[in-house]
2 protein chains.
Amino acid sequence: MKKLIATFCFTFAFVLLFAQQQATWIWYPGDFEVWLSNDMQNRRTERGTFFPPFWKMDSHYVLVEFHKEFDVPADEEIHIVAEGKYNVKVDGKMLPGMPKTVQLKKGKQKINIKVYNQAQVPALYVHGKTVSTDKEWLATFEDKEWIDETGKASDASGTTYVKAGYWNFDKPDQFPSQFRLPIRAEASVAMTKQAKGTLVDFGKNTFGFLTLHQLKGNGKLSIYYGESKEEALGTATCETLDYLDIQHAATKDSTLDLSKAFRYVYIEHEDGITFDNVSMQYEYLPVEDRGAFRSSDEELNKIWEVAKYTMELTSREFYIDGIKRDRWIWSGDAYQSYAMNYYLGFDSETVKRTILALRGKEPTITHINTIMDYTFYWFLSIYDYYQYTGDKEFIEAVYPRMQSLMEFCLGRRNQNGLMEGLSGDWVFIDWADGLSKKGEVSFEQLLFCRSLETMALCADLLQEQDDKVLYAKEAASLKAKIFDYYWNPAKNAFVHSRIDGVQTDNVTRYTNMFAIFFDYMSKEQQQGIKSSVLLNDNVQKIMTPYMRYYELEALCVLGEKDFVMKEMKDYWGGMLKLGATTFWEEYNPAKSGADHYSMYGREFGKSLCHSWGASPIYLLGKYYLGVKPTAAGYQSYDIEPYLASQEWMEGKVPTPAGEIDLYVSKNKIKVQSPVGVGTLKIKSKSKPKSKQGAFIPVDKDTYTMALEAGVAYEVDYKSL
Amino acid sequence: MKKLIATFCFTFAFVLLFAQQQATWIWYPGDFEVWLSNDMQNRRTERGTFFPPFWKMDSHYVLVEFHKEFDVPADEEIHIVAEGKYNVKVDGKMLPGMPKTVQLKKGKQKINIKVYNQAQVPALYVHGKTVSTDKEWLATFEDKEWIDETGKASDASGTTYVKAGYWNFDKPDQFPSQFRLPIRAEASVAMTKQAKGTLVDFGKNTFGFLTLHQLKGNGKLSIYYGESKEEALGTATCETLDYLDIQHAATKDSTLDLSKAFRYVYIEHEDGITFDNVSMQYEYLPVEDRGAFRSSDEELNKIWEVAKYTMELTSREFYIDGIKRDRWIWSGDAYQSYAMNYYLGFDSETVKRTILALRGKEPTITHINTIMDYTFYWFLSIYDYYQYTGDKEFIEAVYPRMQSLMEFCLGRRNQNGLMEGLSGDWVFIDWADGLSKKGEVSFEQLLFCRSLETMALCADLLQEQDDKVLYAKEAASLKAKIFDYYWNPAKNAFVHSRIDGVQTDNVTRYTNMFAIFFDYMSKEQQQGIKSSVLLNDNVQKIMTPYMRYYELEALCVLGEKDFVMKEMKDYWGGMLKLGATTFWEEYNPAKSGADHYSMYGREFGKSLCHSWGASPIYLLGKYYLGVKPTAAGYQSYDIEPYLASQEWMEGKVPTPAGEIDLYVSKNKIKVQSPVGVGTLKIKSKSKPKSKQGAFIPVDKDTYTMALEAGVAYEVDYKSL
């Protein structure tokens with residue numbers, strides 16, 4: 001393992017060196033993400049009213065110093081562009097004015113540029129032949145460079161410098177503050193007269209800016225948006241709308257300036273207003289099309305495609321929960337988007353942006369999104385990210401913020417060393433009727449424990465030995481408490497909570513299923529939980545795709561892949577049968593008709609395009625195509641394909657270096673990986689055969705074969 | 001004392017009630033101050049180059065919720081203006097859109113308005129007959145109003161609400177973000193040809209925007225600013241300049257857009273450019289003219305007038321150090337401006353703004369301005385403010401930020417419980433050759449001790465009993481250490497520092513003189529220090545008006561008012577003899593000619609208009625007119641006039657309720673106060689007489705008389 005990581009770092013360093021040739025806009029790390037997320041999250045409206053988040057939003061540093069040392073091979077001219085006022089020092093000497101170009105002399109020198117901008121993020125772009133802004137520049141928000149009365153600069157400033165933040169703003173006129181997602185025109189599929197107005201159907205749930213073509217006349221025009229037809233026509237209760245006052249003497253194509261989510265749009269207007277067509281500007285995040293899944297099962301393929309589209313719509317400036325609402329970044333929701341992303345676009349930049357936006361800035365005074373569990377998912381997301389991408393650089397960058405957030409958590413433990421909701425803490429867990437949040441909830445301790453383990457893993461990775469020991473010790477101590485306090489042998493399950501130090505009687509699925517894929521239990525204990533909790537209908541059922549995701553994952557880990565496949569087809573297939581074009585925030589098969597659309601006490605309160613609805617992408621990629629990394633960045637990985645009710649399946653799973661290609665039928669497997677050392681593990685009635693490698697039996701009917709990068713393997717076997 | 005404070009609070013509450021009739025713009029407390037101070041402090045340039053501060057600058061909260069409960073006597077319409085996007089809830093019900101007017105029904109109701117603005121401070125103005133924004137509205141930056149899946153709002157949000165911030169933006173179109181100091185046109189007094197250009201003299205040091213009249217032509221024009229003639233003509237070394245590229249086909253009056261400090265302006269330009277006159281737009285903070293001083297001594301009157309003008313120039317959006325540089329807010333400098341202000345404009349709003357701007361926001365990770373002593377002056381300033389103004393409301397508002405800053409300080413103590421410069425801490429004390437900042441410097445402990453006492457006083461005022469006990473205990477313990485560790489009986493003085501636990505041999509003036517007016521010693525000890533330190537020429541002399549202020553104050557306390565008067569006339573009179581029109585950052589009588597203007601290793605580095613140069617205002621008001629409050633807000637006060645070398649003096653000292661008027665000659669005193677209970681204390685060869693009151697002998701040749709508010713007293717006496 002050690003060796004593999006070392007090799008990988010070397011590869012990475014090489015890529016980095018190469019990347020330095022290009023200039024890119026830089027800023028204080030996390031600041032653009034905070035600024036952009038404020039902007040994005042404050043675009044939500046509810047029935048025309050501005051509807052902002054309720055948690056603390058942070059701000060960028062208004063004054064940032066950037067610097068880097070260079071050994072310039074020959075005299076060169078550099079060009080400077082900044083968002084904000086700035087000054088430039090070359091080797092400690094301040095240059096006059098705010099120079100747009102600077103002549104550098106050959107030789108070693110340090111370039112410092114200080115940028116001030118209160119309204120937007122101070123950002124910097126320097127471009128020369130060898131001297132350009134890149135992620136190796138250092139940044140600080142207080143350089144503490146005071147001088148004494150003789151003019152001598154202080155020599156012990158104690159300033160903390162960190163590596164600059166960056167994304168993909170690689171051109172001088174690509175100002176970060178001007179960032180917008182791209183748009184493309186899309187037509188509606190039907191326009192019909194309904195009641196007093198016009199109903200427009202876009203054929204599927206979508207997101208963007210509505211365009212009214214050849215709009216003319218004077219008077220009021222109302223637009224009611226609906227993710228369902230009922231919602232668009234429900235003018236008194238639909239969630240989003242626009243009331244416009246039109247004053248167009250001449251016809252004009254008019255595009256609204258605030259994006260909305262809709263499949264249907266219902267338009268009413270006063271007499272004298274006319275328009276001839278309605279289209280939209282579809283707004284989207286460009287993500288490479290990398291993950292794929294197809295099988296002999298058309299329903300399953302449809303599930304995968306709709307999940308993919310759901311992911312596409314909810315992957316925006318950041319991973320958001322839903323496109324109608326909340327259009328906010330929720331840590332627990334984003335944690336699932338990350339996981340799906342690893343089996344779809346493998347878009348690391350959006351994962352990093354979202355992690356940074358969620359963390360925000362010091363001081364840490366509340367849980368992320370105010371939710372205790374959401375703080376913990378944030379920790380969990382970081383090691384997952386490393387495991388899939390191998391991007392140690394990001395762990396380094398984010399580690400200080402991990403430390404301070406963990407300090408916040410440790411400081412909130414009660415006298416038993418457990419996390420309990422304090423005033424202002426939202427203990428969420430899941431949307432479920434009557435779910436108790438009182439006392440010391442076992443699920444929170446479990447996530448907290450995993451967070452501490454994550455800290456220990458990251459500390460180890462960064463060779464922070466003292467931290468590693470500290471966090472590992474805290475994790476071990478908490479884990480022991482979880483078993484002591486919550487395991488109930490009679491129930492063969494973890495109970496839900498303790499209140500006043502006494503175990504409650506209640507068993508819920510959450511702690512039990514997470515304990516399984518956290519691998520906290522013996523195989524026997526796991527199987528015990530399977531029957532006493534997961535497959536026990538007396539335990540309260542899960543109604544959200546959000547927790548459904550984890551439940552099904554736990555069952556996959558427990559080998560119940562046929563059962564899970566059936567559930568997946570029932571549950572997600574159930575939404576498809578109801579006409580879903582994107583997956584929902586919640587789905588209760590017992591409901592019927594437009595009842596499906598209500599939530600939060602509102603007729604159309606439910607989001608019909610919710611990122612957590614897209615989890616089949618993850619389940620199919622990880623447990624059916626069966627691909628997962630076993631060392632960071634797919635330096636090693638397992639492929640354990642599983643055909644459930646399907647005749648065959650094929651797909652692609654992205655890695656940092658390209659896609660793993662896989663085809664599986666009942667007697668043929670084809671696989672090729674661009675990276676790492678793989679282990680193909682299959683069940684077969686007889687020993688499988690491949691011209692490209694040799695199988696080793698490991699268990700009854702189970703065989704493994706090592707996979708080398710770049711080799712196209714074909715395997716003949718006999719499915720059980 | 002108790003009773004007096006109670007009476008005073010009642011008066012204050014009445015004023016408050018009255019003030020509520022008017023609407024005013026509100027914001028999250030401290031946010032406008034942070035935002036405006038960022039803006040102001042980033043206007044400094046050095047030779048045309050942007051020159052920002054080197055400490056952490058904070059930001060406003062981007063999303064703020066404001067609310068207040070009202071009992072509306074009759075249906076009324078309210079008008080809403082906000083800087084930012086907003087929404088409105090009346091009694092928990094969200095109103096549609098972003099309403100500019102709202103119809104309120106008669107009766108009790110709560111109004112919540114949430115404002116978002118990332119570029120500027122979210123600010124709100126509501127105006128109705130009875131419902132208007134005022135300082136009683138509450139604000140928060142995280143309302144934590146989440147709902148559950150049924151739509152039920154959380155009932156334990158744990159949100160902290162604080163009273164809104166405000167200033168004097170009382171009209172709906174007075175947007176806080178548009179704030180500018182007023183300007184007025186002022187003419188130059190002379191224009192002469194010099195070398196290759198034109199030298200313009202404005203007759204005195206001033207601050208504002210230069211105007212070139214009837215400017216025409218194409219080409220380069222350079223403006224060199226000087227607080228001295230030498231500086232303006234020193235084109236290669238002057239501190240501030242403007243290089244302009246003029247393209248004026250027609251003549252045009254042109255005013256520059258960045259204000260500068262100057263008495264002289266030297267202008268050079270290319271052929272073909274013409275202008276016919278040069279004037280300026282003087283930029284100033286409007287402050288009521290309240291304090292006054294005049295005497296038989298014309299030099300002293302001039303000192304007072306020039307000090308007053310120095311204060312006028314350095315009192316701006318905030319109290320800054322100097323007008324040429326740094327144009328920044330320094331806590332140690334501002335602390336002195338506050339004190340002078342109490343004897344001049346009594347402009348409490350500028351004191352509060354400056355205190356809030358200096359404190360900034362959490363997290364507290366560095367000392368104020370990075371300087372340890374400057375953190376302590378910040379604490380000291382707050383109780384002083386209360387003592388002079390009686391404004392308990394501000395103490396309440398700022399107390400949480402005092403607590404967190406003190407927590408920061410307590411956390412930085414070394415193993416001996418003392419403050420020692422850590423990496424990144426600037427131990428300033430004073431500009432003085434070779435002054436050691438190593439180890440545990442006694443001066444820092446003394447200020448720290450006083451800060452702890454201030455915390456205890458404020459805690460007591462706010463009836464935070466536990467805090468009071470805690471801070472008082474820490475203060476007492478530290479005070480004991482100061483005597484144990486630093487008092488050297490052989491030297492009859494506090495030594496400068498301890499290094500590695502060992503007292504150093506060095507005696508400096510700082511600790512010794514502060515210990516006197518902090519009243520930490522017996523009268524005997526004080527007199528000992530007077531001879532062994534303050535009047536001992538072997539102890540390093542003070543060269544800055546900054547520390548001169550405290551030295552002279554200590555000597556005043558020790559009864560050396562004749563000596564101090566002589567020093568004051570020598571030192572400040574010395575600057576006047578050199579033609580000073582404002583007082584300087586530093587003055588060393590041993591220098592000559594343009595040598596006076598150098599500092600920081602730069603030929604014209606010295607600021608010739610520095611707020612700390614204006615201290616005669618304070619000394620004359622407090623120790624010669626002899627007026628000072630003895631209970632908060634002048635509910636009680638002492639007047640102990642002292643004629644030094646003057647035949648007579650007269651003046652006004654502002655109080656929250658008007659000015660105390662005083663005339664003093666060698667045999668006549670006239671005094672009248674609008675407020676409180678005063679004690680007039682005078683020395684006289686025989687018992688003084690007054691028709692309006694009776695004197696009581698208190699000591700040899702010393703008599704006191706009680707003063708009632710509103711009575712014009714005339715006293716006949718015989719000066720010693």
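Because the structure is predicted, anything quoted here is derived from the model rather than measured.

S.K.: Outline the interface of chain A and chain B, supporting the account with residue identities and numerical values.
M.R.: Residue-level contacts link 64 residues of chain A with 64 residues of chain B. A buried area of about 4900 Å², summed over both sides, lies between chain A and chain B, and 60% of it is on carbon and sulfur atoms. Contact with chain B buries surface across chain A, with Phe50(A), Trp146(A) and Glu149(A) losing the most and accounting together for 15% of the total. At the junction of chain A and chain B, the tally comes to zero salt bridges. Counting across the interface, chain A meets chain B through 29 residue pairs in polar contact (both at pLDDT 80 or more). Those elements that place two or more of their residues in the side of chain A that touches chain B are helix H2 (31–41), strand S3 (49–50), strand S6 (85–90) and strand S9 (107–116) of chain A.

S.K.: Summarise a positive patch on the surface; cite the residues concerned and give the values.
M.R.: Residue and element names in this part refer to chain A. Together, Lys-523, Lys-628, Lys-681 and Lys-683 give the surface a local cluster of positive charge. Turning to its location among the elements, Lys-681 is positioned in strand S31 (residues 677–683). Lys-681 gets classed as partly exposed once you look at its relative accessible area, which sits at 34%.

S.K.: Which residues make up the side chain of Asn341(B), and what values do they have?
M.R.: Residue and element names in this part refer to chain B. With respect to the helices, strands and loops of the structure, Asn-341 is situated in helix H5 (residues 331–341). The exposure class of Asn-341 is buried, given its relative accessible area of 2%. Among the polar contacts listed, one links the side chain of Asn-341 to the side chain of Tyr-319, at a separation of 3.3 Å.

S.K.: I'd like to hear about the domain arrangement of chain A, residue by residue, with values.
M.R.: Residue and element names in this part refer to chain A. Entries for chain A in the domain assignment read domain 1 (2–176), domain 2 (183–283), domain 3 (292–622) and domain 4 (625–716). A straight line from the C-alpha centre of domain 1 to that of domain 2 covers 43 Å. In this assembly, five residues from domain 1 lie in contact with 11 residues from domain 2. Interface area, domain 1 with domain 2, both sides summed: about 590 Å², of which 45% is carbon and sulfur. Between the two partners, domain 1 and domain 2, sit zero salt bridges. In this assembly, domain 1 and domain 2 are joined by three residue pairs in polar contact (both at pLDDT 80 or more).

S.K.: Describe in detail the sheet that holds strand S33 (residues 695–699) of chain B, supporting the description with residues and values.
M.R.: Residues and elements named next belong to chain B. The mixed open sheet is built from five strands, whose spatial order is S26-S27-S31-S34-S33. Edge strands, defined here as strands with exactly one partner in the open sheet, are strand S26 (627–631) and S33. Looking at each pair of strands side by side, their axes are set apart by 25° on average, direction ignored. With four bridges connecting them, S33 and strand S34 (residues 702–707) associate as antiparallel partners. Residue pairing in the sheet places Phe-695 in a bridge with Met-705 of S34.

S.K.: Residue-level account of the pairing of strand S20 (residues 292–295) of chain A, with values.
M.R.: Residue and element names in this part refer to chain A. The two faces of S20 differ: Phe-293 and Ser-295 on one face are buried, but Ala-292 and Arg-294 on the other face are not. Across four bridges, the pairing between S20 and strand S28 (residues 648–655) is antiparallel. Its bridge partner being in S28, Phe-293 is matched across the sheet by Gly-651.

S.K.: Please give an account of the relation of the copies chain A and chain B that cites residues and values.
M.R.: Mapping chain A onto chain B calls for a rotation angle of 180° and an axial translation of 0.0 Å; the resulting RMSD is 0.0 Å. As the rotation angle and translation indicate, the two copies are arranged about a two-fold axis. Measuring from the rotation axis to each C-alpha of chain A, the shortest distance belongs to Ala119(A), at 1.8 Å. An overlap of 100% is found between the interface residues of chain A and their copies at the interface of chain B, pointing to a shared contact surface.

S.K.: I'd like a rundown of the pairing of strand S5 (residues 76–83) of chain B, residues and numbers included.
M.R.: Residues and elements named next belong to chain B. Looking at chain direction, S5 and strand S8 (residues 101–104) are connected through four bridges and run antiparallel. Looking at S8, one finds that Glu-76 is bridged to Leu-104. Sheet analysis places S5 next to strand S10 (residues 123–127), joined by five bridges and oriented antiparallel. Looking across to S10, one finds that Ile-80 is bridged to Val-126.

S.K.: So what about the sheet that holds strand S28 (residues 648–655) of chain B? Which residues, and what values?
M.R.: All names here are of chain B. One open sheet accounts for six strands, arranged S20-S28-S29-S30-S35-S32; its pairing is antiparallel. In this open sheet, the two edge strands, each paired with only one partner strand, are strand S20 (292–295) and strand S32 (689–690). Direction of pairing for strand S29 (residues 658–665) relative to strand S30 (residues 668–672): antiparallel, over a ladder of four bridges. Within S30, the residue paired with Val-664 across the bridge is Ile-669.

S.K.: Any chance you could break down helix H6 (residues 348–359) of chain A for me, citing the residues and the numbers?
M.R.: All names here are of chain A. With 12 residues, H6 should cover 16 Å at 1.5 Å per step; its first-to-last C-alpha distance of 17 Å lies within 8% of that length. Across the 12 residues of H6, 11 count as buried, placing the element largely inside the fold. Within the sequence span of H6, burial applies to Ser-348, Thr-350, Val-351, Lys-352, Arg-353, Thr-354, Ile-355, Leu-356, Ala-357, Leu-358 and Arg-359. Packed against the buried residues of H6 are H2, strand S13 (165–166), helix H5 (331–342), helix H7 (372–389) and helix H8 (392–410). Directly after H6, the chain includes Gly-360, whose backbone phi takes a positive value near 65°.

S.K.: I'd like to hear about the pattern of salt bridges, residue by residue, with values.
M.R.: Considering all chains together, one arrives at 98 salt bridges over all chains under this definition. Put simply, Glu659(B) and Arg290(B) hold a salt bridge, and the shortest N to O gap is 2.6 Å. Of this pair, Glu659(B) sits in strand S29 while Arg290(B) sits in the loop between strand S19 (277–283) and S20, placing them 369 residues apart in sequence. Lys606(B) is the salt-bridge partner of Glu586(B), the closest N and O atoms lying 3.5 Å from each other. Residue Glu586(B) is located in the loop between helix H14 (561–577) and helix H15 (616–624), and its partner Lys606(B) is located in the loop between H14 and H15; the two are separated by 20 residues in the primary sequence. The class of Glu586(B) is buried, set by a relative accessible area of 13%. Linked by salt bridges that have partners in common, Arg44(A), Glu46(A), Glu239(A), Arg325(A), Asp326(A), Glu585(A) and Arg602(A) make up one network.

S.K.: Please give an account of the packing of aromatic side chains that cites residues and values.
M.R.: A complete count under the given rule lists 151 aromatic pairs over all chains for this structure. Between the aromatic rings of Phe32(A) and Phe169(A), the centroid separation amounts to 5.3 Å while the plane-to-plane angle is 75°, which identifies the pairing as edge-to-face. One end of the pair, Phe32(A), is in helix H2; the other, Phe169(A), is in the loop between S13 and strand S14 (183–187), and 137 residues separate them in sequence. Here the two residues Phe32(A) and Phe169(A) agree in accessibility, since each one is buried. Geometrically, the ring pair formed by Tyr28(B) and Tyr61(B) is edge-to-face, given 4.9 Å between the ring centres and 80° between the ring planes. Note that Tyr28(B) is positioned in the loop between strand S1 (26–27) and helix H2 (31–41) and Tyr61(B) in the loop between strand S3 (49–50) and strand S4 (63–72), a separation of 33 residues in sequence. The class of Tyr61(B) is buried, set by a relative accessible area of 15%. Between Arg353(A) and the ring centre of Trp167(A), over which it is positioned, the NZ or CZ distance is 3.6 Å.

Scoring rules and cut-offs
Residues numbered from 1 in each chain as written. Chains lettered and ligands numbered in written order. Predicted model: local features only at pLDDT ≥ 70, side-chain atom pairs only at ≥ 80, totals over all residues. Heavy atoms only, no water. Contact = heavy atoms within 4.5 Å. Buried area = accessible area lost by both parts, 1.4 Å probe. Salt bridge = Lys/Arg side-chain N within 4 Å of Asp/Glu carboxyl O. Polar contact = N/O pair within 3.5 Å; in protein donor to acceptor, adjacent residues only side chain to side chain. Helix = DSSP H or I, 4+ residues; strand = E, 2+ residues; numbered from the N terminus. Patch = residues over 30% accessible without salt bridge, like charges linked within 9 Å, V, L, I, M, F, W, Y side chains within 5 Å. Areas by Shrake-Rupley, 256 points an atom, 1.4 Å probe, with all protein chains shown as cover. Lys, Arg positive; Asp, Glu negative; His and termini not counted. Charge placed at Lys NZ, Arg CZ, Asp CG, Glu CD. Buried < 20%, exposed > 50% of the residue type's maximum accessible area, 1.4 Å probe, protein only. Domains from an automatic or database assignment. Pairing = 2+ DSSP bridges. Axes fitted to C-alpha atoms, helices over the stretch in contact; angles between N-to-C directions. Least-squares fit on C-alpha atoms with pLDDT ≥ 70 in both. Expected span 1.5 Å × (residues − 1). Phe/Tyr/Trp six-rings, centres within 6.5 Å; stacked < 30°, edge-to-face > 60°. Lys NZ or Arg CZ within 6 Å of the ring centre and 35° of its normal.

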